[in-house]
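Below are the chains, spelled out letter by letter.
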Amino acid sequence: MKLTIISTLILIAFSACTHKAGDSDVQKPNIVIIYGDDVGYGDVGAYGSELIPTPNIDKLAGGGLRFTDGHCTASTCTPSRFSLLTGVYGFRHNANVLPPNAPLLIPVDMMTLPKMLKKAGYETGIIGKWHLGIGEKGVFTNWNGDVKPGPIEVGFNSSFLLPSTNDRVPTVYLDGHEVVNLDKKDSLFVGSKKYVRSQKNVTQYPDGKTNSEAMTYYQNSHGHNNSVTNGIGRIGYMAGGKSALWNDETMTDVFVEKTKAYIEKNKENPFFLYYAAQDIHVPRTPHPRFQGITTLGYRGDAMVQFDWAVGEIMKALEENGVAENTIVIFSSDNGPVYDDGYEDGTTFPLSSQEVDRGHDGSGIYRGGKYQIYEGGTRVPFIVSWPGKIKPGVSDALVNQIDLMGSLASYLNVPLNDNEGVDSRNTMDAFLGKRDKGLVSMVEEAGSGRALRRGDWKYIPDLGRSYGSPKMSKQLYNLANDPGEQNNAIEDNPEIAKSMAEELEKILNG
Ligand code: NG6
Ligand code: CA
């Protein structure tokens, strides 16, 4: 009996010590964020997808906590990524989908998730899609020298990037500050058509508008007809850098190889890895070994490829002996979209086509990418930490924007009042210790913003948004109307009024 009391006391003392501020013994799990691109709630088996097999993500969900009401901040990429990495809503910094030659959006003096983790002693790395701009404001970035500022300047120790998106130039990888495999005799230029075309003695790529026959991989369905590289029309203009062009079909393999090397190299440190997949954003170009696996064309096949990558990352964590002490967070930057600019066999537009060949990428939720409805931001959200998080399902309302505040609090890294201003501490919800999450939060879609408060969703008057008609005020009770079909505003004017006021306060806060 006495022994048990003593050992219990020792245990309490020990666990207190492992969770204490600034203590060198503080337990620092590795943190891996696996971020999909345009992966919808219903694109994952564990979330109900029947036509896309995702055994590896399902296994992760089975061994961790699967959130049913987990969100990115916006229904497009740049603002969601901005919020994930800064803990600040995108609308506070005019974060909208960035063009190919955009300068760095995150101010270099701003607190970020990787900077915060560095303070806690973490090694920090990003592999994959960036889409938060690179270079100084007001000048064309020099892609032939040190390409910066970018992820390194905002807190990552190492970075291997798809700099913008896979449908935007430049179609080259960036390793740290350097373009990979660049031949200095064929310098790389990115910018306006005039600027790029005026460069002499460098490779000029076909213009999709006047050379549609050059688009041999896919024809464009809308946009995507500027520079054509690898038979695919892209957004934006580039010249030169021919030796540096990536191969679209091996991109996932390349990112996975880099990830394996990163984990192996950093297995002795606490590390943070932000793995930002290009899958399943357009142009969908799964490796030939994945082509034709699903009945949904390359969109479904790209999802199978992404699932394979998740399996490889999990394997690498195990093989390096760090799986037990690694928090893996799986999510996406916005909801699903089918035809997003290329003739890849998917349907268009999403606003009127919820289903593509029997598959609903947003599950029971309405809409998807670009939209203010739940399908825009309610995405797969899985948190796994073997031995620490009890496997299960959580209906807590959680948001990626809160990872920074939650992890800072868990690791006892103090944040100043002006840092991560929108990031709350919901760590207990992420760890499954609490089944309640946020009381309220904003959902963003382009210039539109809605408010979630519990099961209520309030959407103010919005201008016409991509593919959707101009909308007037709406209120939905998701508890009995998860598909946002019955506008309940007339019967609940008080709720709408108080939510409108709260939304205004946050927007102006
Ligand atoms: C849109 C593109 C779309 C995609 C999106 C950004 C056209 C017609 N559409 O402007 O294809 O690139 O921007 O996607 O060009 S995101 O996931 O990075 O936000
Ligand atoms: Ca996206």
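See the structure shown above.
Residues numbered from 1 in each chain as written. Chains lettered and ligands numbered in written order. Predicted model: local features only at pLDDT ≥ 70, side-chain atom pairs only at ≥ 80, totals over all residues. Heavy atoms only, no water.

## Describing the pairing of strand β4 (residues 158-162)
Step number 1: Counting buried residues in β4 gives 4 out of 5 residues, a clear majority hidden from the surface.
Step number 2: Across 5 bridges, the pairing between strand β3 (residues 123-129) and β4 is parallel. Counted as the bridge partner of Gly128 is Leu161 from β4.
Step number 3: Examined bridge by bridge, β4 and strand β5 (residues 174-175) share 2 bridges and lie antiparallel to one another. (Buried < 20%, exposed > 50% of the residue type's maximum accessible area, 1.4 Å probe, protein only. Helix = DSSP H or I, 4+ residues; strand = E, 2+ residues; numbered from the N terminus. Pairing = 2+ DSSP bridges.)

## Digging into the site of ligand 1
Step number 1: As a structural note, the neighbourhood of ligand 1 is formed by 19 residues, with Cys77, Asp167, Arg168, Asp340 and Lys369 the closest of them.
Step number 2: One of the side-chain N or O atoms of Asp38 is found 3.2 Å from an oxygen atom in ligand 1.
Step number 3: If ligand 1 stood free it would expose 450 Å²; the protein chains cover 85% of that surface. (Near = heavy atom within 4 Å. Polar contact = N/O pair within 3.5 Å; in protein donor to acceptor, adjacent residues only side chain to side chain. Areas by Shrake-Rupley, 256 points an atom, 1.4 Å probe, with all protein chains shown as cover.)

## Observations concerning the pattern of salt bridges
Note on pairing: side chains with opposite charge can pair once their charged atoms come close.
Step number 1: A full pass over the atoms with the stated rule returns 30 salt bridges.
Step number 2: A salt bridge links Lys129 to Asp37; the shortest N-O distance between them is 2.6 Å. Of the two residues, Lys129 sits in strand β3 while Asp37 sits in the loop between β1 (30-36) and α2 (55-62), which places them 92 residues apart along the sequence.
Step number 3: Residue Lys129 is classed as buried on the basis of its relative accessible area of 0%.
Step number 4: With a closest N to O distance of 2.8 Å, Asp344 and Arg284 form a salt bridge. Of this pair, Asp344 sits in the loop between β12 (326-332) and α8 (374-377) while Arg284 is found in the loop between β11 (271-276) and α7 (297-319), placing the two residues 60 residues apart along the sequence. The exposure classification of Asp344 matches that of Arg284, with both residues buried.
Step number 5: Shared partners join several salt bridges into a network, and the residues in it are Asp69, Glu374, Arg378, Glu443, Arg452, Lys457 and Glu484. (Salt bridge = Lys/Arg side-chain N within 4 Å of Asp/Glu carboxyl O.)

## Details of the coordination of the calcium ion (ligand 2)
Step number 1: Bound to the calcium ion (ligand 2) on the protein side are Asp37 (OD), Asp38 (OD), Asp333 (OD), Asp333 (OD) and Asn334 (OD1), at distances that span 2.2 to 2.8 Å.
Step number 2: Because the angles between the 6 donor atoms bound to the calcium ion (ligand 2) fall within 50 to 170 degrees, the donor set is best described as irregular.
Step number 3: Read N to C, the donor residues that coordinate the calcium ion (ligand 2) are spaced as D-D-x294-D-N. Within this pair, whereas Asp37 is found in the loop between β1 and α2, its partner Asn334 is found in the loop between β12 and α8, the two being separated by 297 residues in sequence.
Step number 4: Assessed through its relative accessible area of 0%, Asp37 is described here as buried.
Step number 5: A relative accessible area of 0% means that Asn334 is categorised as buried. (Donors = N, O, S within 2.8 Å, 3.2 Å for Na, K, Ca; no water. Tetrahedral: all angles 85-135°; square planar, octahedral: opposite > 155°, others 65-115°.)

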